[in-house]
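# Topology and contacts: notes
Spelled out from the first residue to the last, the chains are:
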Amino acid sequence: MNFEGRLSDRDAWSTGDGCSAERVLGLLSTKTVFLVVRECFYGTTRFDDFVARIGTSAPAVSRALKQLKAAGAVEPVLYREPGSRARTEYRLTQAGEDLLPVFLSLMQWGDKYLQEDRPPLSFVESGTGRPVRARVTAEPAPEARSDEIEIRLRPAWRPSRKASSAPAPEDPDHPPPRDEGACRDNATT
């Protein structure tokens, strides 16, 4: 990148606390927070499912949801199943939906450099099946919404020996909170 005018003397300026990248990293400061966002895009709908799918403790998921709610990325919505009490699920707000390119960019980088040419998932347009990618461009292009993207398991993918699908053991000192949460249920696996 090139800096123009006053910005070319990098010792003369600093963004300090005003840096947007620093603020985003503050929001997505833990692995659990980012994985909750991932699960929202994947269609996770229950608090217990967040805990099981992420493989972390209920208190960590609860903290992540509170952090995302405070930042305006998720919002609580009450739901009730027949014969049950009302519970809370968490849905992505527009700010949360706008994290889609961030999520896809990190996934693409990981697919290219960390998966040994064996990425497990592909992201495609629902209507056409064309691959969806995040990219930096000056060209105007329509943005895809998460409900216009299908997430598919690649047929040849096999988990590595390091991967484990077993859920994390429950932490007896921190039982799950009474409220349950969810994000969206529009992604396809």
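In this report, we go over the structure that sits alongside the text. (Residues numbered from 1 in each chain as written. Predicted model: local features only at pLDDT ≥ 70, side-chain atom pairs only at ≥ 80, totals over all residues. Heavy atoms only, no water.)

### A look at the overall build of the chain
Looking only at helices and strands, one finds six helices and four strands in the chain. When its helices and strands are written in sequence order, the chain yields α-α-α-α-β-β-α-α-β-β. Looking at the chain residue by residue over its 189 residues, the buried ones come to 32%. A sequence separation of at least 24 residues applies to 64% of the contacts in the chain between residues at least 6 apart. Summed over all atoms, the accessible surface of the chain reaches about 13,200 Å², with 51% contributed by carbon and sulfur. (Helix = DSSP H or I, 4+ residues; strand = E, 2+ residues; numbered from the N terminus. Buried < 20%, exposed > 50% of the residue type's maximum accessible area, 1.4 Å probe, protein only. Contact = heavy atoms within 4.5 Å. Areas by Shrake-Rupley, 256 points an atom, 1.4 Å probe, with all protein chains shown as cover.)

### Observations concerning the packing of aromatic side chains
Here the distance between the centres and the angle between the planes together describe a pair of aromatic rings. Per the counting criterion, the structure on display carries five aromatic pairs. Measuring from centroid to centroid gives 6.2 Å for Phe34 and Phe103, while their planes differ by 35 degrees, and the two rings are tilted. With a gap of 69 residues between them, Phe34 in helix α2 (residues 31-42) and Phe103 in helix α6 (residues 100-113) connect regions that are remote in the sequence. Given a relative accessible area of 18%, Phe34 falls into the buried group. For the ring pair Phe41 and Phe103, a centre distance of 5.4 Å and an interplane angle of 25 degrees mean the geometry is stacked. Residue Phe41 is located in helix α2, and its partner Phe103 is located in helix α6; the two are separated by 62 residues in the primary sequence. For the pair shown, Phe41 and Phe103 are each scored as buried. (Phe/Tyr/Trp six-rings, centres within 6.5 Å; stacked < 30°, edge-to-face > 60°.)

### A short note on the environment of Ala70
Mapping Ala70 onto the fold places it in helix α4 (residues 58-70). Linking Ala70 and Leu27, residues 43 residues apart in sequence, is a C-alpha distance of 9.5 Å.

### Quick notes on the packing of α2 against α6
Two numbers describe how α2 lies on α6: the axes approach to 11 Å, and their chain directions differ by 105 degrees. In terms of orientation, α2 lies roughly perpendicular with respect to α6. Where α2 approaches α6, its residues Phe34, Arg38, Phe41 and Tyr42 are matched on the opposing element by Leu100, Phe103, Leu106 and Met107. For the contact of α2 with α6, the per-class residue count stands at seven nonpolar, no polar and one charged. (Axes fitted to C-alpha atoms, helices over the stretch in contact; angles between N-to-C directions. Parallel < 35°, antiparallel > 145°, perpendicular 65-115°, else oblique. Nonpolar A, V, L, I, M, F, W, Y, C, P; charged D, E, K, R; others polar.)

### Digging into the layout of surface pockets
Reported here for the second largest pocket is a volume of approximately 770 Å³. Forming the boundary of the second largest pocket are 24 residues, of which Arg133, Ala141, Pro142, Glu143 and Ala144 lie nearest the centre. Looking at the lining of the second largest pocket, the elements that each hand over two or more residues are α5 (94-97) and α6. Taken together, the residues that form the lining of the second largest pocket break down as ten nonpolar, four polar and ten charged. (1 Å grid on protein atoms, 1.4 Å probe; cavity = no way out; pocket = protein on both sides within 12 Å on 5 of 7 lines; lining within 4 Å. Points joined across faces, edges and corners; volume = space filled by probe spheres on them.)

### Structural notes on α6
Helix length check: α6 (14 residues) gives 20 Å between terminal C-alpha atoms against 20 Å at 1.5 Å per residue, within 8%. Of all the positions in α6, only Leu100, Phe103, Leu104, Gln108, Gly110 and Asp111 are classed as buried. Buried residues of α6 fall within an arc of 165 degrees about the axis and therefore sit on the same side. Seen from the buried face of α6, the exposed residues on the opposite side, beyond 90 degrees, are Trp109 and Lys112. (Expected span 1.5 Å × (residues − 1). Arc of directions from axis to C-beta.)

### Things to note about the pattern of salt bridges
Applying the stated criterion across every chain, the model contains eight salt bridges. Where Arg91 meets Glu89, a salt bridge forms, and the shortest distance between an N and an O atom there is 2.2 Å. Classification of Arg91 as partly exposed rests on a relative accessible area of 30%. Within the structure, one salt-bridge network assembled from shared partners comprises Arg38, Glu39 and Arg53. (Salt bridge = Lys/Arg side-chain N within 4 Å of Asp/Glu carboxyl O.)

### What about empty space enclosed by the protein?
For the coordinates displayed, the defined rule picks out one cavity of 30 Å³ or more. In this structure, the largest cavity encloses a volume near 60 Å³. Forming the walls of the largest cavity are Phe41, Leu100, Phe103, Leu104, Phe123, Ser146, Ile149 and Ile151. Looking at the lining of the largest cavity, the elements that each hand over two or more residues are α6 and β4 (149-153).

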